[in-house]
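The lines below spell out each chain.
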Amino acid sequence: MLRGIVFFTDSSAHEDVTVFDTTLRDGEQTPGIAFTFEQKLEIARQLSDIGVHIIEAGFPASSTAEKETVTAIKKLGLESGICGLARSVKADVDACLDCDVDMVHVFIPTSDIQRENTINKTRTEVLEITADIIGHIRKHKELCMFSAMDATRTDWDYLIQVFQTAADAGATIINVPDTVGVISPSAMKTLVARINREVKCPIDVHCHNDFGLAVANTIAAVEAGASQVQVTVNGLGERAGNADLAQTVMIMESMYRIRTGIAKERLVETSHLISRFSGIAIPPTQPVVGENVFSHESGIHSHGVLRNSATFEPGIMTPEMVGHRRRLTLGKHVGRHAVRQMLADVHIAPTDEQLDAIIEKVKAIANRGKRVTDADLYEIAEGAMGTTLHQKVLSLQDIAIMTGNHVIPTASVRANVNDKEHVFSAVGNGPVDAALNAILGITPSKIQLREFNIEAISGGSDAICHVTIAVEDEHGKIFDASGSGDDIVLASVEALVNAINLVHRV
Ligand code: KIV
Ligand code: ZN
């Protein structure tokens, strides 16, 4: 039984909303993004696993490769319904049918500007085509979504006529796309409320983010009675992208108490997967999933959060809910409580004087614009307290890396682990990946790489780079450490070895 293929038919605002993800279709139209076949399959599996109701897997008529991908995704037998996109021509619809999709999503431009400049059809012709193509789809498929492209810039009286025609022809759901992202939340609410009143058909909404309003407009549509939202992971999509999945889901769940059925605790993991596949980094300030969302640096905030996390966090959204973590970060605004707590967490108890010296050093480093990692803090504490707080479990002896255009990047390491020599080789996507895999291969316990950031400190091909790594130990605790140098691979290896030694500190 596919999930989410039942649509609400009442006209009031809904308690439950279905989630239609278009990362693999509109998301892939993000300039510069092309997922591989294997990546698309993995994305589809992930979306289904987290509870997405319908996955728009692609636009089958656009190429043979796209058709093969949509077919392969459908053959995975996922719980999500699989949808294919089609222009309002029979050949496009037939390409979707060939892939055996569960739902055909057919669209036609309805605004004067798009109608006249793209398909060159009259308003009456658009109504005829709409009725015809939906009739064709419904002969073969139960589920048909109809989109009036550029709906928000379409004359609203005419738009109602288009949607009425679609509903009469058998569309199972009508979609209101804000194709160029120009509507405001209050106008969206008025528009969707009117469609909801006048057309007896479930409503879906598809918003673009040109003015940064995609999520707000999506929520406004839900307030007015839309029962399905179109989203993409990390807000990927044409131009400025589409409504972001994590934000839309969390606003509905936490602020409106609307159930989406999405496994919220997997939102961060899903965002990271798409970031890795798309090559588009998640800005630290990205709502819900960004690195800074539950990070606290300033003394006042950290102190408050240590007593009650809701003092400087939403409270109705916690890191645990979305699979994130709370962090007290070390920077120029850091306060005594935070530093004392971070050290206490690893059983380091400086005197008040030693703590002052540690804080002064941390602030001095942060003032130079450098990130202060956990490893830096412990090293600073060692200096200030005049002790060696831990011995290194892992010390690297040699590392050799082979890479090139016709070889699989391979790394071999020789290292002492608890004073015993170990040798290990591993391959990777590139020299850094191979080197890190080799180091992880000789690591005494299971450690997962959670973050990898690299920045060039100076310009030019001989630039000094600074690598910051975060790893997660077997108990889900995160440690970060850094490494620097003019060799990217060696700086990365240094950062990972430092992080591993932190995890295994004795
Ligand atoms: O933005 C848009 O109008 C679209 C349609 C195909 C729904 O992506
Ligand atoms: Zn779009």
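Residues numbered from 1 in each chain as written. Chains lettered and ligands numbered in written order. Predicted model: local features only at pLDDT ≥ 70, side-chain atom pairs only at ≥ 80, totals over all residues. Heavy atoms only, no water.

1. Examining the packing of helix α13 (residues 336-344) against helix α15 (residues 374-385)
Next, step 1: Close contact between α13 and α15 brings their axes to 11 Å; oriented N to C, the two are set at 90 degrees. The angle between the axes of α13 and α15 places the two elements in the roughly perpendicular class. Contact with α13, carried on its side by V339, M342 and L343, involves D374, L377, Y378 and A381 of α15 and no other residues of that element.
Next, step 2: Residue composition of the contact of α13 with α15, grouped by class: six nonpolar, no polar and one charged. (Axes fitted to C-alpha atoms, helices over the stretch in contact; angles between N-to-C directions. Helix = DSSP H or I, 4+ residues; strand = E, 2+ residues; numbered from the N terminus. Parallel < 35°, antiparallel > 145°, perpendicular 65-115°, else oblique. Contact = heavy atoms within 4.5 Å. Nonpolar A, V, L, I, M, F, W, Y, C, P; charged D, E, K, R; others polar.)

2. Observations concerning the packing of aromatic side chains
Next, step 1: Using the criterion set out here, one finds one aromatic pair in the structure.
Next, step 2: Note on F146 and F163: the rings are 6.2 Å apart at their centroids and 85 degrees apart in plane angle, and the pair reads as edge-to-face. Here the residue F146 occupies a position in strand β5 (residues 143-149), and F163 occupies one in helix α6 (residues 156-169), the gap between them amounting to 17 residues. For the pair shown, F146 and F163 are each scored as buried.
Next, step 3: Above the ring of Y158, the side-chain terminus of R123 is found at 4.8 Å from the ring centroid.
Next, step 4: One cation-aromatic arrangement involves K477 over F479; the distance from NZ or CZ to the ring centre is 4.9 Å. (Phe/Tyr/Trp six-rings, centres within 6.5 Å; stacked < 30°, edge-to-face > 60°. Buried < 20%, exposed > 50% of the residue type's maximum accessible area, 1.4 Å probe, protein only. Lys NZ or Arg CZ within 6 Å of the ring centre and 35° of its normal.)

3. So, the sheet that holds strand β15 (residues 465-472)
Next, step 1: The three strands are arranged β14-β15-β16 in an open sheet whose pairing can be described as antiparallel. Where the open sheet ends on each side, the last strands, each with one partner, are β14 (448-456) and β16 (478-485). Recorded for the sheet is a direction-independent mean angle of 15 degrees between the axes of neighbouring strands.
Next, step 2: Of the strand pairs in this sheet, β14 and β15 are connected by eight bridges, and their pairing is antiparallel. Of the residues in β15, the one forming a bridge with N453 is T468.
Next, step 3: Contacting β14, β15 and β16, helix α17 (residues 488-503) runs over the sheet at an angle of about 150 degrees to β16. (Pairing = 2+ DSSP bridges.)

4. What to know about the site of ligand 1
Next, step 1: Contacts to ligand 1 come from R25, D26, H105, F107, S147, M149, N175, P177, T179, H206 and H208.
Next, step 2: One of the side-chain nitrogen or oxygen atoms of R25 is found 3.0 Å away from an oxygen atom of ligand 1.
Next, step 3: Contacts to ligand 1 include H206, whose side-chain N or O atom sits 3.1 Å from an oxygen atom.
Next, step 4: Protein chains bury 94% of the 260 Å² of accessible surface belonging to ligand 1 in isolation.
Next, step 5: Broken down by secondary-structure element, the contributors of at least two residues to the shell around ligand 1 are β4 (103-109), β5 and β6 (173-178).
Next, step 6: Class assignment for the residues of the shell around ligand 1 results in three nonpolar, six polar and two charged. (Near = heavy atom within 4 Å. Polar contact = N/O pair within 3.5 Å; in protein donor to acceptor, adjacent residues only side chain to side chain. Areas by Shrake-Rupley, 256 points an atom, 1.4 Å probe, with all protein chains shown as cover.)

5. Re the pattern of salt bridges
Next, step 1: Counted according to the given criterion, the structure contains 31 salt bridges.
Next, step 2: Taking the shortest distance from any N to any O, the salt bridge between D16 and R259 comes out at 2.8 Å. Residue D16 is located in the segment before β1 (18-21), and its partner R259 is located in the loop between α9 (245-255) and α10 (267-278); the two are separated by 243 residues in the primary sequence.
Next, step 3: With a relative accessible area of 24%, D16 lands in the partly exposed category.
Next, step 4: In this structure, E451 engages R325 in a salt bridge whose closest nitrogen and oxygen atoms are separated by 2.7 Å. Taken together, the residues E451 in strand β14 and R325 in the loop between α12 (319-322) and β10 (327-328) connect sequence positions 126 residues apart. The residues E451 and R325 share a single accessibility class, namely buried.
Next, step 5: Salt bridges sharing partners connect three or more residues here, namely D112, R115, E116, R123 and D155. (Salt bridge = Lys/Arg side-chain N within 4 Å of Asp/Glu carboxyl O.)

6. A look at the packing of α13 against helix α14 (residues 352-367)
If you want to describe how two helices pack, look at the angle between their axes and the distance between the axes.
Next, step 1: Put simply, α13 and α14 touch, their axes get as near as 11 Å, and they point 105 degrees apart. By the criterion of interaxial angle, the relationship of α13 to α14 is roughly perpendicular. Residue-level contacts link R336, V339, R340 and L343 of α13 to D352, L355, D356, I358 and I359 of α14.

7. Concerning the nonpolar core
Next, step 1: In this structure, F146, F163, I174 and I195 are the most contacted members of the largest nonpolar core, which totals 88 residues.
Next, step 2: Among the elements that make up this core, the one with the highest residue count is α6 (seven residues).
Next, step 3: In this structure I174 touches F146, F163, A166, I195, V199, C201, P202, I203 and D204, once residues within four positions along its chain are discounted.
Next, step 4: L355, V372, Y378 and V471 belong to the second-largest nonpolar core, a separate cluster that totals 53 residues. (Core = buried A, V, L, I, M, F, W, Y, C linked by side-chain atoms within 4.5 Å.)

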